Amino acid sequence: MMSDFLRVEGISKTYENGVVANTDISFNVRQGEMHAICGENGAGKSTLMKMLYGMVKPTSGEIYYKGDKLDLDSPKEAIELGIGMVHQEFMLVPSFTVAENITLGADVLKGGFLDKEDAVRVANALAETYNFDIDAEATVESIPVGMRQRVEILKALYRGADLLILDEPTAVLTPQESEELFASLKKLVRELNKSVIFITHKLKEVKFASDKITVIQHGKVTGNFDTDSVSVDEIANKMVGREVENSYYRKPQELGGKALEIKSLNYKDAAGIQRLNNLTLDIYEGEVLGIAGVEGNGQTELARLISGLDKPTSGDIELYGQQIQGKTPHQIRDLKIAHVSEDRKGDGTAGDASIRDNVLVDRYHQKNFGDMGLLKMGVIKDHLSHLIDRFDIRCKSQETAIGSLSGGNMQKVVIAREISSEPKVLIAAQPTRGVDIGAAELIRNELIKLRDNKKGVLLLSADLDEILSISDRIAVIYKGEIVGVFKNENIDEKTLGLYMLGLKRQSEHE
Ligand SMILES: Nc1ncnc2c1ncn2[C@@H]1O[C@H](COP(=O)(O)OP(=O)(O)OP(=O)(O)O)[C@@H](O)[C@H]1O
Ligand SMILES: [Mg+2]
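Another point: the overall build of the chain. Counting its regular elements, the chain contains 18 helices and 22 strands. Along the longest, intermediate and shortest principal axes, the C-alpha atoms of the chain span 70 × 55 × 45 Å. Within the chain, the proportion of its 510 residues that are buried is 53%. Contacts in the chain between residues far apart in sequence, at least 24 positions, make up 65% of those at least 6 positions apart. In the structure as shown, the chain presents an accessible area of about 22500 Å², 49% of it carried by carbon and sulfur atoms. Within the chain, the 78 negative side-chain charges are centred at a point lying 3 Å from the centre of the 63 positive side-chain charges.

Here it is, written out as structure tokens:
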């Protein structure tokens, strides 16, 4: 069928280190189609997309695009042919404005540099054509992630993309933002006849937004479907090869003593904006305390203050009565407060270092791993293989650089490191972001296990289903303030929504 817009035929990829990421992959995408790619972490989805975008060279196989055989040596060539890609991790220049980021570099191709005003004009016109809401004059570092996403997409469209590839576009978006994104994408596809390929682990989105689905498992296609003909459960089954429960059992238990006390915390950021407002909250032993809130209401700041990455303007944080304020992140970690950061690439990991070093670097000095300055390599390696097993980290070996892992597997390394540090309190910020449904289930069960062992878990998640499925209590944060605290069984999603939007608040907390 030469009429196909995009035709992938028997593509395989083996990386230089011997990892076979794709084997004999074939699928088609028509013009005006939304095509979802599903598969577990490490299945080979990003690799496949990078080959369509000229970032990775196929080892064998062929790709046809608009009737011609593709032989790409760089993303630049892909862009010239009308293929655009938005990556799992964004690639904008933070200090430049939205307008500059959109037009950057491409203006030269179009016959000359744009000045600032022209760039703003172009960006606004583009935003209007494609129905994306942006603030053209703001710097990228000052805008929320949802808008950054739209900027990335507009950037690709400005470069004339007819095929838009989105690698986990909604991983960092709130449910509301995701809905808006898909509405805009649907328009691109339906009205402008563009084609979109997107990767997501959220199967509800796949069902809601795509026309066709390709499922990949261990680098091979295990299914090609019309979306209308399959259920969410069937997709999950094809991906993981087993049923995924997604219901969680928490052993009934009485709350223990207070593990972490947060007292009247105030925080003004560098720009002078009040991000936390007299925030008071207790985390007890043996509970998962979920923080529900629309993103950007102080969740990130709260996690960073507790883990010592930022300093509060005023207020106290105490771990079992001991003040932790003023201590460094390292000291706080030693006191057994662990932190799964939502920014796994920034403060979460060191890309060039091995999985082993990423997990253990701050623990090599511990007695069980070293003896008078000599590392017990055997013990260390055993410990690591045990963790790789337990957290289902898909990797070649524990010496593999964490930067060459798939996105979800990188996240699993961070989780493994934090949970295996045997914390008294774990701050888990977006712990299942970018991980597949099977791994998400595993991680949630690990959080529950901590709770069952009388540890305190503070769960910050943009996924309300996640909060509701594993929290014992739920606190709602709104404009940097806790506006309500509930036992899970006493609250439903709708009512939570009212608190999250600031339409309701408790006068007195329990
Ligand atoms: N640059 C690289 N060098 C070596 N191996 C790599 C490289 N990039 C990816 N891999 C390996 O290729 C396999 C497929 O990775 P890929 O990133 O394509 O997975 P993915 O399906 O996108 O997973 P995720 O859902 O976690 O993002 C993995 O085993 C990964 O470790
Ligand atoms: Mg990926």
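There is more to say, and it comes next.
Let's shift gears to the sheet that holds strand E12 (residues 274-284). In a beta sheet, neighbouring strands pair by backbone hydrogen bonds and run either parallel or antiparallel. Taking strand neighbours across the sheet as the criterion, the four strands line up as E12-E11-E14-E15 in an open arrangement whose pairing is antiparallel. The two strands at the open ends of the sheet, each matched to only one other strand, are E12 and strand E15 (322-323). Across two bridges, the pairing between strand E14 (residues 314-319) and E15 is antiparallel. Within E15, the position partnered with Glu318 by the bridge is Gln323. Along the sheet, helix H10 (residues 299-306) contacts strand E11 (258-268), E12 and E14; its crossing angle with E11, the most-contacted strand, is approximately 120 degrees.

Taken domain by domain, the chain holds domain 1 (6-240) and domain 2 (258-348 + 424-500). One C-alpha centre belongs to domain 1, the other to domain 2; they are set 32 Å apart. Residue-level contacts link 16 residues of domain 1 with 11 residues of domain 2. Taken over both partners, the interface formed by domain 1 and domain 2 buries close to 1000 Å², and the fraction arising from carbon and sulfur atoms is 51%. Counting the surface domain 1 buries against domain 2, the share from its top three residues, Asn41, Glu89 and His201, is 37%. Two residues, Lys204 and Asp465, come together in a salt bridge whose shortest N-O distance is 3.1 Å. One can count five residue pairs in polar contact (both at pLDDT 80 or more) joining domain 1 with domain 2. No other element matches helix H9 (residues 232-240), which puts three residues into the side of domain 1 that touches domain 2.

Lining the immediate environment of ligand 1, one finds 21 residues, of which Gly42, Lys45, Thr47, Ser406 and Gly408 sit closest. Contact between ligand 1 and Tyr15: a nitrogen atom at 3.4 Å from a side-chain N or O atom of the residue. In the model, an oxygen atom of ligand 1 is placed 2.6 Å from a nitrogen or oxygen of the Thr47 side chain. Calculation on ligand 1 without its partners gives an accessible area of 640 Å², and the protein chains cover 86% of this total.

Let us now look at the packing of helix H6 (residues 145-158) against helix H7 (residues 175-192). How two helices pack is summed up by the angle between their axes together with the distance between the axes. Where H6 contacts H7, the two axes come as close as 10 Å, and the packing angle between them is 15 degrees. Taken together, the axes of H6 and H7 lie roughly parallel to each other. Here H6 and H7 pass one another in a crossing that is right-handed. Every residue of H7 that contacts H6 at Gly146, Arg150, Ile153 and Leu157 is listed here: Glu177, Glu180, Leu181, Leu185 and Leu188. A breakdown of the residues in the contact of H6 with H7 according to their chemical character gives five nonpolar, one polar and three charged.

The next point concerns the side chain of Arg159. Mapped onto the elements, Arg159 comes out in the loop between H6 and strand E7 (163-167). Within polar-contact distance, the side chain of Arg159 engages the backbone oxygen of Ile102 at 2.8 Å. There is a polar contact of 2.9 Å between the side chain of Arg159 and the backbone oxygen of Lys155.

With that settled, consider helix H1 (residues 45-52). For H1, the buried fraction is high: seven of the eight residues fall into the buried class. Backbone geometry just after H1 places Gly54 at a positive phi near 80 degrees.

If you walk across this open sheet you meet the four strands as E2-E1-E4-E5, and the pairing is antiparallel. Edge positions in the sheet fall to strand E2 (20-29) and strand E5 (68-69), since each has one partner strand and no second. Here strand E1 (residues 6-14) pairs with E2 via six bridges, running antiparallel. Bridged to Leu6 within E2 is Val29. Lying on the sheet, H1 is in contact with E1, E2 and strand E4 (60-65); it crosses E2 at an angle near 60 degrees.

Here we take up the packing of helix H5 (residues 116-130) against H6. Where H5 meets H6, the axes come as close as 10 Å, and the angle between the chain directions of the two elements is 95 degrees. Viewed along their axes, H5 and H6 adopt a mutual orientation that is roughly perpendicular. Contacts between H5 and H6 involve Val122, Leu126, Ala127 and Tyr130 from the former and Leu154, Leu157 and Tyr158 from the latter. A breakdown of the residues in the contact of H5 with H6 according to their chemical character gives seven nonpolar, no polar and no charged.

Right, let's get into H7. Its 18 residues place the ends of H7 25 Å apart at the C-alpha level, agreeing with the 26 Å of an ideal helix rising 1.5 Å per residue. Every buried residue belonging to H7 is among Glu177, Ser178, Leu181, Phe182, Ser184, Leu185, Leu188 and Val189, and all of these are buried. The buried residues of H7 occupy one face: seen down the axis, they fall within an arc of 160 degrees. The outward face of H7, more than 90 degrees from its buried face, is lined by the exposed residues Gln176, Glu179 and Glu191. The inward-facing, buried residues of H7 contact strand E3 (34-39), H5, H6, E7, strand E8 (195-199) and helix H8 (203-209). At the C-terminal side of H7, Asn193 shows a positive phi close to 60 degrees.

Take a nonpolar patch on the surface next. Residues Val294, Leu498, Leu501 and Leu503 make up a contiguous nonpolar surface patch of about 360 Å² in total accessible area. By secondary structure assignment, the location of Leu498 is in helix H18 (residues 493-500). Note on Leu498: relative accessible area 35%, which makes it partly exposed.

Moving on: the nonpolar core. When a protein is soluble and globular, its nonpolar side chains tend to lie buried together. Counting 52 residues, the largest nonpolar core has Ile102, Ile134, Ile153, Leu154, Leu164, Leu185 and Ile235 as its most contacted members. Non-local contacts of Leu185, meaning those with residues more than four positions away in its chain, are made with Met34, Ile153, Leu164, Leu166 and Val196. Grouped together as the second largest cluster of nonpolar side chains are 35 residues, Ile380, Val413, Ile443 and Leu459 included.

Turning next to the environment of Ser95. As for its placement among the helices and strands, Ser95 is situated in the loop between strand E6 (83-86) and helix H3 (98-103). With 51 residues separating them along the chain, Ser95 and Gly44 place their C-alpha atoms 33 Å apart.

Rules behind the numbers
- Residues numbered from 1 in each chain as written.
- Chains lettered and ligands numbered in written order.
- Predicted model: local features only at pLDDT ≥ 70, side-chain atom pairs only at ≥ 80, totals over all residues.
- Heavy atoms only, no water.
- Helix = DSSP H or I, 4+ residues; strand = E, 2+ residues; numbered from the N terminus.
- Buried < 20%, exposed > 50% of the residue type's maximum accessible area, 1.4 Å probe, protein only.
- Contact = heavy atoms within 4.5 Å.
- Areas by Shrake-Rupley, 256 points an atom, 1.4 Å probe, with all protein chains shown as cover.
- Lys, Arg positive; Asp, Glu negative; His and termini not counted.
- Charge placed at Lys NZ, Arg CZ, Asp CG, Glu CD.
- Pairing = 2+ DSSP bridges.
- Axes fitted to C-alpha atoms, helices over the stretch in contact; angles between N-to-C directions.
- Domains from an automatic or database assignment.
- Buried area = accessible area lost by both parts, 1.4 Å probe.
- Salt bridge = Lys/Arg side-chain N within 4 Å of Asp/Glu carboxyl O.
- Polar contact = N/O pair within 3.5 Å; in protein donor to acceptor, adjacent residues only side chain to side chain.
- Near = heavy atom within 4 Å.
- Parallel < 35°, antiparallel > 145°, perpendicular 65-115°, else oblique.
- Left-handed = near helix turned anticlockwise from the far one by under 90°.
- Nonpolar A, V, L, I, M, F, W, Y, C, P; charged D, E, K, R; others polar.
- Expected span 1.5 Å × (residues − 1).
- Arc of directions from axis to C-beta.
- Patch = residues over 30% accessible without salt bridge, like charges linked within 9 Å, V, L, I, M, F, W, Y side chains within 5 Å.
- Core = buried A, V, L, I, M, F, W, Y, C linked by side-chain atoms within 4.5 Å.

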